[in-house]
Structure formats: structure tokens, C-alpha cells
Amino acid sequence: MTQAPQLLLAVDVGTLSARAGLFDLTGRLLATAACEFPLLRPAEHQAVYRMDDIWQAVEEAIRRCLTSAGADAARRVAGLAFDATSSLALSYEGSPPLAGDADVFCWMDHRGEAEAEEIAATGDRLLDYTGGSMSPEMHTPKLAWLARHDPQAFARVSGVRDLCDELARRATGEDHHSLCGLTCKWAYLPADAEPWRHALLERLGLARLPRLGALPEGPLPVGRRHGRVMEAVAARLGLPAGTPVAIGLIDAEAGTLGVLGRGFAASMNRTVALIGGTSTCYMAFAPDERRIPGVWGPFKDAVFPGYWLHEAGQSLAGAALDSVLAHHPGGPHRASAEEHAAAVRDILALLEAEGPAFAARRHLVPDFLGNRSPLGDGSVRALLVGVGEDTSRRAFLEAYYATARALALQARHIIEHLNAHGYALDRVALSGGHVRNPLMVRLYRDALGDASLVLSDSTEPVLLGTAMVAAVGAGVQPDLFAALEAMAPAQESLTPDPRWRAAHEAAYRLYLKLFAFRNEIEREAKALAAPGQD
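Just so it is clear, the structure is predicted and the values come from calculations on it, not from any experiment.

**Q** I'm lost on the overall build of the protein chain in this one. Help?
**A** Scanning the protein chain for helices and strands turns up 17 helices and 20 strands. A compact globule built from 534 residues should have a C-alpha radius of gyration of about 24 Å, and the protein chain, at 23 Å, falls within 12% of that. Principal-axis analysis of the C-alpha atoms places the extent of the protein chain at approximately 65 × 60 × 45 Å. Counting only contacts in the protein chain whose residues sit at least 6 apart along the sequence, the fraction spanning at least 24 positions is 72%. When the accessible surface of the protein chain is totalled, it reaches about 20,100 Å², and 51% of it is carbon and sulfur. Taking the average location of the 51 positive side-chain charges in the protein chain and that of its 64 negative ones, the two points are 2 Å from each other.

Right, dumping it as C-alpha cells:
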């Protein structure tokens, strides 16, 4: 009797939900399922989770996925891998260390803005690998805040892990750290003989950090075997006990793998992955070390061994559009997939009827939660022009469109910034939730200047990238380059609509003027707020 083909199970933990996907060895998606979990907001600039809530959602998503795939799907699973947001899970003794009985810092927690500025002022060599600045979304500022503002809580912390590593630990009972998370989010430089930045950590009150949990053992590369699914977990999930679990990665890196495409090794310097979701990441790889201001990295070995990763980004992207839906006086006052679809439908009709005249006087710099790239300043904020009373639905639609356009124009700004520092990017491979927003796809197609938008024939590129990692961890593929060649989907390069080129060029010039003006205002405002000012 012929043995049924093997399958790969991928789990993606995003900002608000866990999703599971089942793939065959060619990268074809067979089944998906999702389960939500709560995000807690105990105070302004704080965003946290309870790890048990996340894990419960993960287990439920896996069960639903396997059930929908058919009776024999679970026993055919050859490997499992996890990706997750760059959130930070804390193990502890006694009571949970964060407000609301929470034990996970969400990636978007910005409580450490002052600590991030302090780190940036040290001039530590770590800053050579974070674009010359420090984002409060990195792990070190968050932990420094906790050590200073609640030292008793920090003293109870016994382990600190990237969320993808905590998920793998719960599945296998083994404690390992992914090189992806450690090199991208910690005070850790893997190319150095002594990777930890001990002097900086001591200055911040974090001297004991490298000694916690499995951190002294050093990290493992993405795709290496993390362990095997424990019997108790396997019984709850319906998986075979002993299923291999791979060392995982951050969700943006997973989404990058899912859209790089076949032949990536040859097109590396021309290709950037745009992972558009709640936030947006721009991921580019290079064989050499390039230090680019306002861009995180270069991170050595973060995904592909021997290669350097640059990560640019926008802290609020899809979340900025959510905010327009939820808070604009003329909007629906709630953010949902249905409301996004309704707004986009009406905007596309208005664009067809009015052309570039629609929302022509509304422009903005969309830095609602700081500017990751190209400025690298988490404290700056958005600047809007053309705002009136804004009580009508048309005003709401104009605001939604202006925000979406500004996100696309800033994408161009970021790509041009990368190209000014050694890249020759002319392929923008889109991944993430923005793929499902026809307005964002249209704007990326038409407003990126000389770069072409590339769409992949995959509805779940983040899960697909994680399935590639599972393939390596299970021994199905020898490395991630081989997994790409075997599992990458077909791709299509979209042709920009020439009718919109002049309008978007004009809008881009306005964006650049506003960007420079906003930065000037921010500098003067910070001087005004400095101690000693009358």
C-alpha cells in the first residue's frame, strides 16, 4: 500500500490571533484555521498578553485546522514550526510580572521610549546594527523599563524568550532560543566573539539577563530542530507524539520567506519583501555587511546563514487605517474586515469618477507611533494637512484614502533610502494582510516609483514561510534556500497604471516636504520641552 504524502504544519501568532496552516511538500495550502486571543491595554503606551491565552488559542487553531483537513491529516504531519510577532514572553516565580496578570510584552508596547532614547545616547556599538537609534519596540528598552519601574516584578522573572521560542518550548518541553529573534531584537551581536553587550546591559540594570533560562547556551539557526512534540501536547492536538518542531522565527521574517520566490539567490539585491499588516516591515538581504541609518540591522544569520538582513518598517500601517474607521467622525466607529471592504469599495468608485481630484488637498506623514524608517525616531508623530470639520462620510473616505496613499508613499521613501545605501531594489514582493485590501494593492502598484509590485500566488504567505521552516526542521529539505525552490508559489509582476503616475509623483513631492517640515517642528518642540526653557 502506498504511503500517504507527508504534510507540514505551520502556526502564525499575530497581534490578535493564532492561525494554523497545513501544507503539502510543494507548498500547496490544504487547510487553515484561526482563533483569537485578547490584547490587554493596562495603561497608555502599554500592550500586554497572558501567555496562557495565547497558547490556548494556538492549540484551538491547530485542532480546527487538522479537523478541517480530514481524518488522516494529523498522522501525516512530518514537521511543525512556529512564527510569531516580536513579542517577549516572561517566565516568573510567584505572581505575573506585568499589570493585568500578564506575562508577555506585545511588540507594540512603547512604555520604554525614554529607555530607548537613553540607549541611543550611549553610542554603544549595538547602535551600528539598529540603524543608529533604538526603537522602544526592541526588547531591551522594555526590560529596562520593568527593571527600573517595578524592580520587584523584574526580580521574579526567571526566563525571557521571543514569543516564537516560548511557543516551541510549550510544544516540546525544551528551552532554546532562535537566532532570528536574538539577533534582531536583543542587545546581542552574533558576529562578535562575545555577542552580549554586557556593559550596556549593566548600565540599564539588566546585567543578569544573559544568565536567564537557556540564554547562556546560545541561539540556534532558523530551521534547526528545536525538539519534538510532547505526548501530553500531542494528545490534546491530535498530532503524533514526537513530531519534529523546528527553531522558529519572527512573523515578518516568515512572511518574507513566503514571497521571495524561486531564484531568490540570484535576485537578492533587487528584491525587498513588504510585509503589510498592523505594522509594515521591509525585509532585504545582502551577502555583505551594510550599515544603513534608520534601518534595523544588518542582522547576521537572522534567516539565511551567512547573509545579513536589513529590516525597515512602519510601526502603524493597517492599524492606522483601523484608527480611521474607528475614530473618524464621519466613519463607522468600528474597525472590521467588512468596514474596510465597504470603505475601499466606495473609494475605488470615487477614484474612477473623479480621478486625482479626489482628496487632492489631504496629505499626511503617517507616523502615528513614531517613525521606524528612514528616520529611526520612535517619538515623532504624524502630521496632517487639509483637515476640516470632517463630519461627513465623504470626509471619512478622503481621510482613509489619504492615509492609505501616505503609507504607500512612505514605502517608496523607504525603498529609495535602502537603494541609496547599496541596494538596487526594483522588485517589491507584497505579503501580509495588505494583499487583501484592493486599495493598498493598487497604491503599491502605482505609487512606488520605478519599483514593480510582485504578487505571489499564495493566500497565506506568512504561514507558507513557516511551513518552509518546518520542512527544514523535519529533514524534508536540507536548508531554507532549497525549501524556497521546492515550495515557493508562482509570482506575477503588476504593471503600474500610467494614468496615475503624474498624480502620485506630485503627492510624493508633497509628502517629502511635509516629512522634512514635520522633522523640523519636532526638533523645535523637543527644544521647547527641554529642562530650563521658559
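**Q** Could you clarify how one ought to interpret the pattern of salt bridges in this entry?
**A** Oppositely charged side chains may form a pair once their charged atoms are brought near each other. For the coordinates displayed, the defined rule picks out 40 salt bridges. Of the charged contacts in the structure, one is a salt bridge between Glu 59 and Arg 63, with a shortest N-O distance of 3.6 Å. Separated by 4 residues within a single helix, Glu 59 and Arg 63 lie in helix α1 (residues 51-69), roughly one turn from each other. Residue Glu 59 is classed as buried on the basis of its relative accessible area of 8%. Of the residues examined, Arg 63 reaches a relative accessible area of 28% and is grouped as partly exposed. Linking Asp 426 and Arg 270 is a salt bridge whose minimum nitrogen-to-oxygen distance equals 3.0 Å. Of this pair, Asp 426 sits in the loop between α13 (393-419) and β18 (427-431) while Arg 270 is found in the loop between α10 (264-267) and β12 (271-276), placing the two residues 156 residues apart along the sequence. Note on Arg 270: relative accessible area 37%, which makes it partly exposed. Sharing partners across several salt bridges, the network here consists of Asp 52, Arg 161, Glu 166, Arg 169, Arg 170 and Asp 175.

**Q** Can you walk me through helix α17 (residues 501-529) in this structure?
**A** Side chains three or four residues apart in an α-helix point the same way, a direct result of the helix having 3.6 residues per turn. The first and last C-alpha atoms of α17 sit 41 Å apart over 29 residues, in line with the 42 Å expected at 1.5 Å per residue. Those residues of α17 that fall on the buried side of the exposure criterion are His 504, Ala 507, Tyr 508, Tyr 511, Leu 514, Phe 515, Arg 518, Asn 519 and Glu 522. Buried positions along α17 lie against β16 (363-365), β17 (383-385), α13 and α14 (438-447).

**Q** I'm lost on the nonpolar core in this one. Help?
**A** Within soluble globular proteins, side chains that are nonpolar generally end up buried alongside one another. Counting 81 residues, the largest nonpolar core has Leu 90, Leu 146, Val 160, Trp 186, Leu 206, Leu 209 and Phe 304 as its most contacted members. Of the residues forming this core, the biggest block, 9 residues, is contributed by helix α15 (residues 461-473). Setting aside its immediate chain neighbours within four residues, Trp 186 contacts Leu 88, Leu 126, His 139, Thr 140, Val 160, Arg 161, Asp 162, Gly 181, Trp 196, Leu 209 and Leu 215. Grouped together as the second largest cluster of nonpolar side chains are 55 residues, Ala 317, Leu 397, Leu 453 and Ala 507 included.

**Q** What is the right way to look at the environment of Leu 249 in this model?
**A** Summarising the element assignment, Leu 249 is placed in strand β11 (residues 249-250). Residue class for Leu 249 comes out buried when judged on its relative accessible area of 0%. Placed 168 residues apart in sequence, Leu 249 and Ala 81 show a C-alpha to C-alpha distance of 8.7 Å. Other than its neighbours up to four places away in sequence, Leu 249 contacts Phe 82, Asp 83, Ala 84, Cys 164, Ser 178, Cys 180, Val 222, Ala 254, Leu 257, Thr 466 and Val 469.

**Q** Honestly, the sheet that holds strand β15 (residues 308-314) in this entry has me stumped. Any pointers?
**A** In any sheet, the strands associate via hydrogen bonds between backbone groups, in a parallel or an antiparallel arrangement. Strand order across the open sheet formed by 7 strands is β14-β15-β13-β12-β18-β19-β20, with mixed pairing between neighbours. The sheet is open, and its two borders are formed by β14 (296-300) and β20 (491-493), each paired with just one other strand. Recorded for the sheet is a direction-independent mean angle of 25° between the axes of neighbouring strands. Of the strand pairs in this sheet, β14 and β15 are connected by 3 bridges, and their pairing is antiparallel. Residue pairing in the sheet places Lys 300 in a bridge with Trp 308 of β15.

**Q** Honestly, the state of the cysteines in this entry has me stumped. Any pointers?
**A** Each disulfide is one covalent bond, formed between the sulfur atoms of two cysteines. Per the stated rule, a full pass over the model turns up 0 disulfides. Of all cysteine sulfurs in the structure, the one in Cys 65 sits closest to Cys 35, which takes part in no disulfide; the separation is 13 Å. The class for Cys 35 is buried, based on a relative accessible area of 16%. Unpaired in terms of disulfides, Cys 164 finds its nearest cysteine sulfur in Cys 180, a separation of 6.6 Å.

**Q** For this particular structure, what's the right way to read the packing of aromatic side chains?
**A** Pairs of aromatic rings are described using the distance from one ring centre to the other and the angle between the two planes. Taken as a whole, this structure holds 14 aromatic pairs when the rule is applied. Each ring, one from Tyr 129 and one from Trp 308, has its centre 6.5 Å from the other, and the planes form 20°; the classification is stacked. Within this pair, whereas Tyr 129 is found in the loop between α2 (113-122) and α3 (139-149), its partner Trp 308 is found in strand β15, the two being separated by 179 residues in sequence. Each member of the pair, Tyr 129 as well as Trp 308, is classed as buried. Summarising the aromatic geometry, the rings of Tyr 188 and Trp 196 are spaced 5.0 Å apart at their centres and angled 80° between planes, so their arrangement reads as edge-to-face. Residues Tyr 188 and Trp 196 agree in their burial class; the two are buried. Positioned above the aromatic ring of Trp 145 is the side chain of Arg 111, whose terminal nitrogen or guanidinium carbon lies 4.7 Å from the ring centre.

**Q** Explain the sheet that holds strand β6 (residues 88-92) here, please?
**A** The strand order β4-β7-β6-β8 describes an open sheet built from 4 strands, whose pairing is antiparallel. Of all the strands in the sheet, just β4 (48-49) and β8 (157-162) have a single pairing partner and so form its edges. Across 2 bridges, the pairing between β4 and strand β7 (residues 104-105) is antiparallel. Its bridge partner being in β7, Val 48 is matched across the sheet by Phe 105. Contacts between helix α5 (residues 163-172) and the sheet are confined to β6 and β8, with β8 contributing the most and set at about 110° to the helix.

**Q** Whenever I open this one, the packing of helix α9 (residues 251-259) against α15 confuses me. Can you help?
**A** Running from N to C, α9 and α15 point in directions that differ by 90°, and their axes come no closer than 6 Å. It follows from the interaxial angle that α9 and α15 lie roughly perpendicular. Contacts from Asp 251, Ala 254, Gly 255, Leu 257, Gly 258 and Val 259 in α9 reach Pro 461, Val 462, Leu 464, Gly 465, Thr 466, Met 468 and Val 469 in α15. When grouped by side-chain class, the residues that make up the contact of α9 with α15 number 8 nonpolar, 4 polar and 1 charged.

**Q** Before we go on, may I ask you to explain the environment of Asp 251 in this structure?
**A** Structurally, the position occupied by Asp 251 is in helix α9. For Asp 251, a relative accessible area of 21% translates into the label partly exposed. In this structure the C-alpha to C-alpha distance between Asp 251 and Leu 39, which are 212 residues apart in sequence, comes to 17 Å. In this structure Asp 251 touches Asp 12, Asp 83, Ala 84, Thr 85 and Val 462, once residues within four positions along its chain are discounted.

The rules behind each value
For every chain, the first residue of the written sequence is number 1, and numbering continues from 1 along that sequence. In keeping with the predicted nature of the model, local features appear solely for residues at pLDDT of at least 70, side-chain atom pairs appear and are counted solely at 80 or more, and the whole-chain, interface and lining totals rest on all residues. Remark: hydrogens and water are excluded; side-chain values derive from all non-hydrogen atoms of the structure. Where helices and strands are cited, they refer to DSSP runs of H or I of at least four residues and of E of at least two residues respectively, numbered from the N terminus. Each radius of gyration reported is based on C-alpha atoms, and the globular scaling rule is 2.2 Å times the count of residues to the power 0.38. By definition, residues are in contact when any of their heavy atoms lie within 4.5 Å. For the area figures, the Shrake-Rupley method with a 1.4 Å probe applies, and any residue is considered shielded solely by the protein chains shown. This count recognises Lys and Arg as positive and Asp and Glu as negative, with His and chain-terminal groups excluded. Each charge is placed at NZ for Lys, CZ for Arg, CG for Asp and CD for Glu. The salt bridge criterion pairs a side-chain nitrogen of Lys or Arg with a carboxyl oxygen of Asp or Glu, the two atoms within 4 Å. Whether a residue is buried, partly exposed or exposed follows from its accessible area with a 1.4 Å probe, protein chains only, as a fraction of its type maximum: under 20%, in between, or over 50%, in that order. To estimate the expected span of a helix, subtract one from its residue number and multiply by 1.5 Å. For the purposes of this section, nonpolar cores are sets of buried Ala, Val, Leu, Ile, Met, Phe, Trp, Tyr and Cys residues that join through side-chain atoms within 4.5 Å. Strands are treated as partners if at least two bridges between them are detected by DSSP. Only the stretch in contact is used when fitting a helix axis, every axis being a line fitted to C-alpha atoms; angles between N-to-C directions are given from 0 to 180 degrees. In this description, the term disulfide denotes a pair of cysteine sulfurs within 2.5 Å. Any Phe, Tyr or Trp ring, taking Trp's six-membered ring, that has another such ring centre within 6.5 Å forms a pair; planes under 30 degrees apart are called stacked, those over 60 apart edge-to-face, and the others tilted. By the criterion adopted, a ring carries a charge over it if an Arg CZ or a Lys NZ lies within 6 Å of its centre and within 35 degrees of its normal. Should an angle fall under 35 degrees it is taken as roughly parallel, and over 145 as roughly antiparallel, whereas 65 to 115 is taken as roughly perpendicular and any remaining angle as oblique. Side-chain classes are defined by residue name, with Ala, Val, Leu, Ile, Met, Phe, Trp, Tyr, Cys and Pro counting as nonpolar, Asp, Glu, Lys and Arg as charged, and the others, Gly among them, as polar.

As far as function goes, none of this settles anything; it's purely spatial.
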